[in-house]
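Residue-level structure breakdown
If you want the building blocks of each chain, they are given just below.
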Amino acid sequence: MSDRQTLDYYSEEAATYAEFVGDAKEDPFLNRFIAAMPEGAAVLDFGCGHGWAAAQMRDAGLSVTAMDGSAGLAAEAKARYGIDVRVALFAELEEVAAFDGIWASFSLLHDSRAALPGHLRRLHRAARPGALLFLGLKAGEGEARDPLGRLYSYFTEAELRDELARAQWGEVTCETRRLAGLAGKKEDSLMLFARAL
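Notes on the structure in this doc start here. Quick caveat: nothing in here was measured; it's all calculated off a predicted structure.

Cut-offs used in this document
- Sequence order as written defines residue numbering, which begins from 1 separately in each chain.
- Reporting of local features is limited, given that this is a predicted model, to residues whose pLDDT is at least 70; pairs of side-chain atoms are given and counted only at 80 or more, and all residues count toward the totals for whole chains, interfaces and linings.
- Note that water and hydrogens are dropped before the side-chain values are worked out from all heavy atoms of the structure.
- Only Phe, Tyr and Trp rings are paired, with Trp represented by its six-membered ring, and only when their centres lie within 6.5 Å; those with planes under 30 degrees apart are stacked, over 60 edge-to-face, the remainder tilted.
- Between Lys or Arg on one side and Asp or Glu on the other, a salt bridge is scored when a side-chain nitrogen of the former is within 4 Å of a carboxyl oxygen of the latter.
- Under the scheme applied here, a residue whose accessible area is under 20% of the maximum for its type counts as buried, over 50% as exposed, and between as partly exposed, the area being computed with a 1.4 Å probe on protein chains only.
- In this description a helix means any DSSP run of H or I spanning at least four residues, a strand means any run of E spanning at least two, and both kinds are numbered starting from the N terminus.
- Axis definition: a line fitted to C-alpha atoms, over the contacting stretch in the case of helices. Angles run 0 to 180 degrees between N-to-C directions.
- Working rule for angles: under 35 degrees goes down as roughly parallel, over 145 as roughly antiparallel, 65 to 115 as roughly perpendicular, anything else as oblique.
- Left-handed is the label given to a crossing in which the near helix is rotated counterclockwise from the far helix by less than a right angle, and right-handed is the label when the rotation is clockwise.
- By definition in these notes, contact holds between two residues if any of their heavy atoms fall within 4.5 Å.

1. Side note on the packing of aromatic side chains
Applying the stated criterion across every chain yields a total of nine aromatic pairs. Linked through ring pairs, Phe29, Phe33, Trp52, Trp103, Phe134 and Phe193 together constitute an aromatic cluster.

Below you can see the structure in the form of structure tokens.
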């Protein structure tokens, strides 16, 4: 995430956001992701928010690196779950062949559409061969701000498949879910899994 207005919102409203999302303990996609990981796998929670997923992955025995651009959300993750979050922008990810799995749940949508190809290449660089990637994104076209001022980038499934292929991610599967976010509006969301080639 690099949009300053979005980062400011999450830093100022971190507790409100964390209360809204909660622990999400029955998330079927996170459960699927965890189940696919080898024992003790190294995983990256890319845009971890207040740490709910990182905490569940840690509790499942995975070695978790948590990263987010919001210092406020990082503080929530520490207070709620004891998770130490690396406060950094997406473009500051520097690891090479470090992770067996990457969880990027509704984080990349807070950067520009133009930034997505670079982020997918950066994630591929950070992944080990065969690593599993999860992406949660909003379905649609263009960019817009929600009533809370947060930047959202929208993508079609076809666009995402093309961008993943260009960044050397394969075995892509996608499901669509209609979900309501903090702003209250229900929108179609794309839930994708892919493997590092």
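After presenting the structure, the write-up continues.
2. What about the pattern of salt bridges?
Counting across every chain of the model gives 14 salt bridges. A salt bridge links aspartate 59 to arginine 58, with the shortest nitrogen-to-oxygen separation between them at 3.1 Å. Taking relative accessible area as the criterion, arginine 58 reaches 33% and is therefore assigned partly exposed. Here glutamate 163 and arginine 166 are joined by a salt bridge, their closest N and O atoms 3.4 Å apart.

3. Description of the environment of alanine 114
Turning to its location among the elements, alanine 114 is positioned in the loop between β4 (99-105) and α6 (116-126). When the C-alpha atoms of alanine 114 and serine 153 are compared, they prove to be 9.3 Å apart, with 39 residues separating the residues in sequence.

4. Re the packing of helix α2 (residues 14-21) against helix α5 (residues 71-81)
With their axes 9 Å apart at the nearest point, α2 and α5 run at an angle of 55° to one another. Classified by the angle their axes make, α2 and α5 are oblique. Handedness of the α2/α5 crossing: right-handed. Contacts between α2 and α5 involve Ala14, Ala15, Tyr17, Ala18 and Glu19 from the former and Gly72, Leu73, Glu76 and Arg80 from the latter.

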